[in-house]
Amino acid sequence: MIFLKLKLLFTFILVNDVVSYAQPLADESKVLSKLLPPVPSFAEIANKHGFKCEEYNVTTSDGYILHLFRIPGEVKRPVFLMHGVLDTADAFILREEDSLALTLARKGYDVWAGNNRGNRYSRHHVTLNPNKDTRFWNYTFHEMGTRDLPAMIDLVLDRTGQSQLSAVAHSEGTTIFYVLGATKPEYNSKIKVLASLAPIAHLQHTRGILPFLIQTAPQLNIILEDLNYQEVVGFNSNIRALIRWICEVPGTGYSLCYEGLISQLIGFDTFELGPKIFTTIIEHYPAGTSKKNLLHYAQVGRRKSFAQYDYGIGNIRQYGSRTPPEYDLSKVTFDIGLYLGANDFVSTIKDVDIIKKQLPNVVDYQILAYPLWNHFDHLYAKDLPKYLLRHVLKLLRNY
Ligand SMILES: *[C@@H]1O[C@H](CO)[C@@H](O)[C@H](O)[C@H]1NC(C)=O
Ligand SMILES: *[C@@H]1O[C@H](CO)[C@@H](O)[C@H](O)[C@H]1NC(C)=O
C-alpha cells in the first residue's frame, strides 16, 4: 500500500516536473494532444442523438468567459446541471441515451449545462491569457460559487424568462451551490431545488489515497509552486495526452489507470463502471482546474472545516481574522436532495452526515441501493436510471 502511494507521488512529481520545465503554463501547445483523435463536445454528442443544442457564453464579474450548453425544452422548466472538479458539462451526457442530460431532455425539461472557469470550455478571460498569466489560475471553488454560478444562473433565468430554476450538481458542483447559498443570500430564492449527487462540503472521512494526498498537499504545493505549475491537467496539456495515451490502451489501460489508480480516489466498482465507459471518460476527463482549487479542498480536509481559502499569515489582511471565515450551511435555504454511494471514497456517508445536520431544508436523502456505488457512478453507471435517475426525476417532478 505504502509502496503504491510512494510510486504514485513520485510519478506525479516527475511527470509534472518534465512537463512544467519544458513549458511553464504553456498548456495550449497541443503538441501531444494533436496526435490523438479529437474529442466530441457536449453539443456534438447531443446532436448525434438527434437533439438540438445551443451554446452560450457569459462573462463573470471578474472577467472569465464561461461556456454553457442548452438542449431546449419547455422554458417553464429549466434545469441547470453543474459538473464536478476537473470535469466539464460532458459528464452529464457521456452515458448517452441513459445520461442525465438526455433523460431530462426527453422528458421535456429545458436542459442547461454549465462549465466552470479553467476547464476545457471555459478557458477564456476578457484580459488574462491562461497560457501566460499566472493570475488567471488564482481561483478556487470560492470564486466558482460566488462569481461563476451567479453569472450562469442569471443567464438561464434571463433567457427563459423565469424567476427560479431547478438544479442537479455533482461533487464540486454541489460545493459551489453551498458556497453560493451561504455567501449570497439573494440567490437562495432563485433555486427551487438542488439534487446534490455526491455532496461535498467536508472532507474529514475520505478513503483510499485521498487522506494521504490531503496530508501531503502543502509539501506538493511547495514543489509545484517552485515550478510555477498552476493549471492542473489542462484539457490540451501534454500530461493529459500522456494519460490518454496510457489509459486508453485496451485492457491494460483499464487495469492500470482505473483498477490501479483512479479507483483508489473514487471507490472500487468494476461492475457499474466497466472498461468501455472508462475509455470514454478518459477521453473527456480530467479537463483542467487550478492548483489553488485542489489546495483549497485539501485545506478543508486538513482543517476539518468548510471554510474559505487559508492564506496563513495573510488571513488578517484578506479577511480581518486569523482564520478564514467558515461557510455557514444554515444559510443555504433552498430545498436539497442528497444522493450518495456507500462506496464513494470522496463524498462519504460520515461527511455527508455533517452537511445533513447543518442544511435547513433537506427534502430527500438516499444512500443508493447498489452497495459499490462510487463517486463516478452518479454520472456513468451502467444502471444509472435504475439506481439514481429515478430519485432525481421524482425530486424534480415535485417542483
Ligand atoms: C465564446 O467565447 C469564445 C472565446 O472567447 C469564442 O471563441 C466563441 O466563439 C464564443 N462562442 C459564442 C457562442 O459566443
Ligand atoms: C489572488 O486572489 C486573492 C483573492 O482574491 C488576492 O488577495 C491575491 O492578491 C491574488 N494573488 C495574486 C498573485 O494575484
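Residues numbered from 1 in each chain as written. Chains lettered and ligands numbered in written order. Predicted model: local features only at pLDDT ≥ 70, side-chain atom pairs only at ≥ 80, totals over all residues. Heavy atoms only, no water.

Draft legend 1. Structural detail: the overall build of the protein. Within the protein, the secondary structure is distributed over 14 helices and eleven strands. Relative to the globule expectation of 21 Å for 399 residues, the C-alpha radius of gyration of the protein, 20 Å, shows essentially globular dimensions. With the C-alpha coordinates of the protein rotated into their principal frame, the extents come out at 55 × 50 × 45 Å. Residue burial in the protein is summarised as follows: out of 399 residues, 59% are buried. Counted over contacts in the protein with a minimum sequence separation of 6, partners at least 24 positions apart contribute 78%. As displayed, the protein has an accessible area near 16,300 Å², and 56% of this comes from carbon and sulfur atoms. The positive charge centre, built from 42 side chains, and the negative charge centre, built from 39, are 2 Å apart in the protein. (Helix = DSSP H or I, 4+ residues; strand = E, 2+ residues; numbered from the N terminus. Rg over C-alpha atoms; globule rule 2.2 N^0.38 Å. Buried < 20%, exposed > 50% of the residue type's maximum accessible area, 1.4 Å probe, protein only. Contact = heavy atoms within 4.5 Å. Areas by Shrake-Rupley, 256 points an atom, 1.4 Å probe, with all protein chains shown as cover. Lys, Arg positive; Asp, Glu negative; His and termini not counted. Charge placed at Lys NZ, Arg CZ, Asp CG, Glu CD.)

Draft legend 2. The arrangement of the site of ligand 2 in detail. Close contacts around ligand 2 come from Arg135, Asn138, Lys292, Tyr311 and Gln318, and that covers them all. Contact between ligand 2 and Asn138: an oxygen atom at 2.4 Å from a side-chain N or O atom of the residue. Gln318 is positioned with one of its side-chain polar atoms (N or O) 2.9 Å from an oxygen atom of ligand 2. For ligand 2, whose free accessible area comes to 360 Å², the fraction covered by protein is 49%. (Near = heavy atom within 4 Å. Polar contact = N/O pair within 3.5 Å; in protein donor to acceptor, adjacent residues only side chain to side chain.)

Draft legend 3. Fine view of the packing of helix H7 (residues 238-247) against helix H9 (residues 275-284). Two elements in contact, H7 and H9, have axes separated by 9 Å at closest approach and are oriented at 165 degrees. As far as their axial angle goes, H9 and H7 are roughly antiparallel. Taken as a pair, H7 and H9 cross one another with a handedness that is left-handed. Across the interface between the two elements, Arg240, Ile243, Arg244 and Cys247 from H7 touch Phe278, Ile282, Glu283 and His284 from H9. (Axes fitted to C-alpha atoms, helices over the stretch in contact; angles between N-to-C directions. Parallel < 35°, antiparallel > 145°, perpendicular 65-115°, else oblique. Left-handed = near helix turned anticlockwise from the far one by under 90°.)

Draft legend 4. Region of interest: the environment of Thr127. Along the chain, the position of Thr127 falls in the loop between strand S5 (124-125) and helix H4 (141-160). Overall, the relative accessible area of 65% leaves Thr127 in the exposed class. Note: C-alpha distance between Thr127 and Asp62 (65 residues apart in sequence) is 10.0 Å.

Draft legend 5. Quick look at the confidence of the model for the protein. For the protein, the average pLDDT comes to 93, and 92% of its residues sit at 70 or higher. In this model, residues 20-27 is a region of pLDDT below 50 whose contacts with residues beyond four sequence positions or in other chains number 23 contacts. (pLDDT = per-residue confidence, 0-100.)

Draft legend 6. Representation of the pairing of strand S7 (residues 191-197) in the model. Burial within S7 is extensive, with six of its seven residues counted as buried. The pairing of strand S6 (residues 165-170) with S7 spans six bridges and is classified as parallel. Within the sheet, the bridge partner assigned to Ala167 lies in S7 and is Leu194. (Pairing = 2+ DSSP bridges.)

Draft legend 7. Local environment of the site of ligand 1. Close to ligand 1 lie Glu55, Asn57 and His124. In this structure, an oxygen atom belonging to ligand 1 sits 2.3 Å away from a side-chain N or O atom of Asn57. Within the complex, 41% of the 360 Å² of free accessible area of ligand 1 lies under protein.

Draft legend 8. Spatial organisation of the side chain of Thr146. Within the secondary structure, Thr146 sits in helix H4. Looking at Thr146, its side chain comes within polar contact range of the main-chain oxygen of His142, at 2.8 Å. In this structure Thr146 touches Val179, Thr183 and Lys184, once residues within four positions along its chain are discounted.

Draft legend 9. Structural context of the nonpolar core. With 63 residues, the main nonpolar core has Phe42, Ile71, Leu81, Leu104, Val168, Phe278 and Leu388 as its most contacted residues. Of all the elements, helix H14 (residues 384-397) adds the most residues to this core, at eight residues. The contacts of Ile71, once residues within four sequence positions are left out, are Phe42, Ala46, Phe51, Lys52, Cys53, Leu102, Ala105, Tyr109, Asp110 and Val111. Ranked by size, the runner-up nonpolar core spans 53 residues in total, among them Phe80, Leu149, Ala151 and Tyr178. (Core = buried A, V, L, I, M, F, W, Y, C linked by side-chain atoms within 4.5 Å.)

Draft legend 10. Expanded view of H14. A rise of 1.5 Å per residue sets the reference length of H14, with its 14 residues, at 20 Å; its end C-alpha atoms lie 18 Å apart and thus fit the reference within 8%. Along its length, H14 reaches its greatest deviation from straightness, about 30 degrees, at Arg390. (Expected span 1.5 Å × (residues − 1). Bend = angle between axes of the 7 residues up to and from the residue.)

Draft legend 11. Here's a closer look at a nonpolar patch on the surface. The grouping of Leu32, Leu35, Leu242, Trp245, Ile246 and Leu256 at the surface amounts to a nonpolar patch, some 610 Å² of accessible area in total. In terms of residues, the nonpolar patch owes the most to one element, H7, which gives three residues. With respect to the helices and strands, Leu256 occurs in helix H8 (residues 252-266). (Patch = residues over 30% accessible without salt bridge, like charges linked within 9 Å, V, L, I, M, F, W, Y side chains within 5 Å. Salt bridge = Lys/Arg side-chain N within 4 Å of Asp/Glu carboxyl O.)

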